[in-house]
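The chain contents come next:
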Amino acid sequence: MTETRASDASGRMSVGAIEHELARLRMNDDGTIGLRASVLNLVVVTSEEAAPAVTELVSGLSGRFPCRAIVFISEPEAPHDDFDVGLAAFCSTRGGGQVCAEQITIHACGAPARHLESLAEPLLIPDLPVFLFYPDEFDPDAGEFESMVSLADRLIVDSGRASDPEGFLRRLSLLAEDPGVPDLGDLEWVALSPWRALLADMFSPPERAGMLEGIERVRIIHDGGGEGRARALLFAGWLAASLGWKPEEGGSFSGPGGGIEVLFEEGDGAPLRRVEVSVRDLVFRVSRCRDAAEFRAEVERGGEILAGRTVHLGYSSVEEILGEELQHRGDDRNLLDALKVVGRMVER
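About the cut-offs
Residues numbered from 1 in each chain as written. Predicted model: local features only at pLDDT ≥ 70, side-chain atom pairs only at ≥ 80, totals over all residues. Heavy atoms only, no water. Helix = DSSP H or I, 4+ residues; strand = E, 2+ residues; numbered from the N terminus. Contact = heavy atoms within 4.5 Å. Pairing = 2+ DSSP bridges. Axes fitted to C-alpha atoms, helices over the stretch in contact; angles between N-to-C directions. Buried < 20%, exposed > 50% of the residue type's maximum accessible area, 1.4 Å probe, protein only. Parallel < 35°, antiparallel > 145°, perpendicular 65-115°, else oblique. Nonpolar A, V, L, I, M, F, W, Y, C, P; charged D, E, K, R; others polar. Lys, Arg positive; Asp, Glu negative; His and termini not counted. Salt bridge = Lys/Arg side-chain N within 4 Å of Asp/Glu carboxyl O. Polar contact = N/O pair within 3.5 Å; in protein donor to acceptor, adjacent residues only side chain to side chain. Left-handed = near helix turned anticlockwise from the far one by under 90°.

J.: Please set out the environment of C91 residue by residue, giving values where relevant.
T.: Its place among the elements puts C91 in strand β4 (residues 82-94). Sequence separation between C91 and P129 is 38 residues; the distance between their C-alpha atoms is 21 Å. Non-local contacts of C91, meaning those with residues more than four positions away in its chain, are made with M1, T2, E3, R5, Q98, V99 and C100.

Pasting the structure below:
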């Protein structure tokens, strides 16, 4: 069980005062100091409305990923220049000892919000990777981004938060080619992991390997929301990049075996509801029910289910998805290739 220890100290604080107060928060009743045991720096840029949810994420992840989280509530257009610091520690028992994660929340207004890097850099724990996370709609043109990204080893965004997922993914595909941008992660891509694994597994038997070139049609059913649209596009991009398909006019693709029709349809249910891949008289289907962690994989011919299985693959909460993303190091080549295809798809 995680214990939250919030500091009464607030306002402008020096780096030394922040470090002193965080050490005090880690102190136990018997005078011993809980281990910080940080494995990464997590820098978050968010809004005041979303900040409580970010704190819940950091607290929830503290057992698996004890970190130093620096959470910026950024208001660069505020009419006054100021910043305010809040501190908290999330402590739990591990291996007979106390282990604590730390959160430094900085509410920056005006000029300080346009130079967040100057506030973040002295607070980073040296020699630990830095993850820069934008949990809200991410704007690479935001004033602080260029300097903040220079501090990061990995940039994490959530394309499902974009008001225009098509336009956002196109911009993300261009951003991924910028040598000044670190390794890139997207929560919606991680959420697709079970879908990609299940569909690939259905074609893994040697007798089905040759069927991949015979795919004629793909149906992707989503809920029409931002998450659903982003996941549907990324799934199509992954499939096309993996199988060497090229986007054509009208939503179709050309592949080694001929033309492929890719249909995006809206329906009720989970953000991504169902994916169907048609090869001759066979339909390979992966589906998920609303709010369910179970996925159903089936092979159908003429309305008859030839094979099927239900599996529990998780990845249902933002905390679980972000936890998966925090384990990644280096480029995710599959994501970058999928983004390139999506970028070309939405241009047409």
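Resuming the write-up.
J.: Tell me about the sheet that holds strand β8 (residues 183-186), residues and numbers included.
T.: Taken in spatial order, the 8 strands make up an open sheet running β1-β4-β5-β3-β2-β6-β7-β8, and their pairing is mixed. Lying at the two open borders of the sheet, with one neighbouring strand each, are β1 (3-6) and β8. Along the sheet, successive strands turn relative to each other by an average axial angle of 20°, direction set aside. Strands β6 (130-133), β7 (154-157) and β8 of the sheet are contacted by helix α10 (residues 318-325), whose axis makes an angle of about 160° with β7.

J.: Lay out unusual backbone geometry in plain terms, naming residues and giving numbers.
T.: With a phi close to 65°, D127 is a non-glycine residue in the positive phi region. Tracing the chain through its elements places D127 in the loop between α3 (116-120) and β6. Judged by its relative accessible area of 80%, D127 is exposed. Here R280, not a glycine, exhibits a phi torsion of approximately 50°, which is positive. Summarising the element assignment, R280 is placed in the loop between β13 (272-279) and β14 (282-288). We classify R280 as exposed; its relative accessible area is 57%.

J.: Explain the environment of G343 residue by residue, including any values.
T.: By the secondary structure assignment, G343 is in helix α11 (residues 333-347). Taking the relative accessible area as the measure of exposure, G343 reaches 6% and is therefore buried. Separated by 172 residues in the primary sequence, G343 and R171 have C-alpha atoms spaced 7.7 Å apart. In contact with G343, not counting residues within four places along its chain, are R170 and S173.

J.: Residues and numbers for the packing of helix α9 (residues 226-243) against α11, please.
T.: One can describe the packing of α9 onto α11 by two numbers: an axis separation of 8 Å at closest approach and a directional angle of 110°. It follows that α9 is roughly perpendicular to α11 by the angle criterion. Every residue of α11 that contacts α9 at L233, L234, A236, G237, W238, A240 and A241 is listed here: L335, D337, A338, L339, V341, V342, M345 and V346. Partitioning the contact of α9 with α11 into residue classes produces 13 nonpolar, 1 polar and 1 charged.

J.: Got a sec to walk through the side chain of E144? Specific residues and values, please.
T.: Position of E144 relative to the elements: it lies in the loop between β6 and α4 (145-149). Buried charge E144 goes without a salt bridge, the closest partner of opposite sign being R114 at 9.7 Å. A distance of 2.7 Å separates polar atoms of two side chains, one belonging to E144 and the other to Y134. Apart from residues lying up to four places away in sequence, E144 is in contact with V45, A113, L116 and Y134.

J.: A description of the packing of helix α7 (residues 193-202) against α9 should follow, citing residues and the corresponding values.
T.: Relative to each other, α7 and α9 sit at 35°, their axes nearing to 11 Å. The interaxial crossing formed by α7 with α9 has right-handed handedness. Touching W195, R196 and L199 of α7 are F235, W238 and L239, all from α9. Of the residues contributing to the contact of α7 with α9, the split by class is 5 nonpolar, no polar and 1 charged.

Distances and angles like these do not, on their own, reveal function.
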